[in-house]
Amino acid sequence: MELVNAVVGIIQLVIAIILAVAALYIGFSVLGKITKGIDEEKEIAKGNTAVGILVASVFIAIGIVVQSGVAGISVGISQAINAGLMSSLGITIIVVSIVQLILGIVLAIVAIYLALNILDKLTKGIDEFAELKKGNVAVALEMAGVIITVAIIIQSGVMGITAALI
């Protein structure tokens, strides 16, 4: 049984790595669409700390959400093994766990997008994206705070979905 648990642990680790890399790639791609005319790679290469802070906050936010989703997949795999991995219930549990994680990632990206748009509306006197391009670290920290806060709230929702579905 210990060997089975070790194999399951390794499988969970591989799944977590794949999902983390995919989520970070998707998050970075979506960020490029959100950040109105900022080429994040070029700005970071130039040493623009403000853009670096923003990108880091998106990565942290995605990590927070993916972590809770991966925990749900781990619970799902354990329950699927108990129910019979290849049984219809076991397969259903694994599929629901993966769908829950994907839903969490989508919700996180949508919530970050909405939060940044709402922040933009609340701070009418500041064009956050123009300030980021100029390297305004204060604006980057403000945006990072919003992004990470949204991720923490979304994480609770993802964990709630996991508890309800699995």
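Higher on the page you've got the structure.
Residues numbered from 1 in each chain as written. Predicted model: local features only at pLDDT ≥ 70, side-chain atom pairs only at ≥ 80, totals over all residues. Heavy atoms only, no water.

Enquirer: Can you help me understand the overall build of the protein chain in this one?
Expert: Within the protein chain, the secondary structure is distributed over six helices and zero strands. Ordered by position from N to C terminus, the α and β elements of the protein chain give α-α-α-α-α-α. By principal-axis analysis of the C-alpha atoms, the protein chain measures approximately 60 × 30 × 20 Å. Pairs at least 24 apart in sequence give 75% of the contacts found in the protein chain among residues at least 6 apart. Accessible area for the protein chain stands at about 8,900 Å²; split by element, carbon and sulfur atoms hold 74% of it. (Helix = DSSP H or I, 4+ residues; strand = E, 2+ residues; numbered from the N terminus. Contact = heavy atoms within 4.5 Å. Areas by Shrake-Rupley, 256 points an atom, 1.4 Å probe, with all protein chains shown as cover.)

Enquirer: Looking at this structure, how should I read the environment of Ala6?
Expert: Inspection of the secondary structure assignment puts Ala6 in helix α1 (residues 2–34). Classification of Ala6 as partly exposed rests on a relative accessible area of 39%. Remark: the alpha-carbon pair of Ala6 and Ile153, spanning 147 residues in sequence, is separated by 32 Å. (Buried < 20%, exposed > 50% of the residue type's maximum accessible area, 1.4 Å probe, protein only.)

Enquirer: It is not clear to me how the nonpolar core should be interpreted in this structure. Could you clarify?
Expert: Nonpolar side chains tend toward joint burial in soluble globular proteins. Counting residues in each nonpolar core, the largest one holds 39 residues, and the members touching the most others are Leu132, Met143, Ile147 and Ile154. The set of elements that each furnish at least two residues to this core consists of α1, α3 (49–83), α4 (88–122), α5 (128–134) and α6 (137–165). The leading source of residues in this core is α3, at 13 residues. For Ile147, the contacting residues outside a window of four places in its chain are Leu54, Ser57, Val58, Ala61, Ile112 and Leu116. (Core = buried A, V, L, I, M, F, W, Y, C linked by side-chain atoms within 4.5 Å.)

Enquirer: Please explain the packing of α1 against α4 as it appears in this structure.
Expert: Helix packing for two helices is described by the angle between their axes and how far apart those axes are. Between α1 and α4, the shortest axis-to-axis distance is 11 Å and the interhelical angle comes to 25°. Classified by the angle their axes make, α1 and α4 are roughly parallel. The chirality of how α1 crosses α4 is right-handed. For the pair α1 and α4, the contacting residues are Leu19, Ala23, Ile26, Gly27, Val30 and Ile34 in the first and Leu101, Ile105, Ile109, Tyr113 and Leu116 in the second. In terms of residue class, the contact of α1 with α4 is made up of 10 nonpolar, one polar and no charged. (Axes fitted to C-alpha atoms, helices over the stretch in contact; angles between N-to-C directions. Parallel < 35°, antiparallel > 145°, perpendicular 65-115°, else oblique. Left-handed = near helix turned anticlockwise from the far one by under 90°. Nonpolar A, V, L, I, M, F, W, Y, C, P; charged D, E, K, R; others polar.)

Enquirer: Looking at this structure, I do not really get a nonpolar patch on the surface. What am I missing?
Expert: Taken together, the side chains of Ile98, Ile102, Val106, Val110, Tyr113, Leu114, Ile118 and Leu122 present a nonpolar region at the surface, about 750 Å² in accessible area. For Ile118, the location among the structural elements is in helix α4. (Patch = residues over 30% accessible without salt bridge, like charges linked within 9 Å, V, L, I, M, F, W, Y side chains within 5 Å. Salt bridge = Lys/Arg side-chain N within 4 Å of Asp/Glu carboxyl O.)

Bear in mind that shape data such as this cannot, by itself, settle questions of function.
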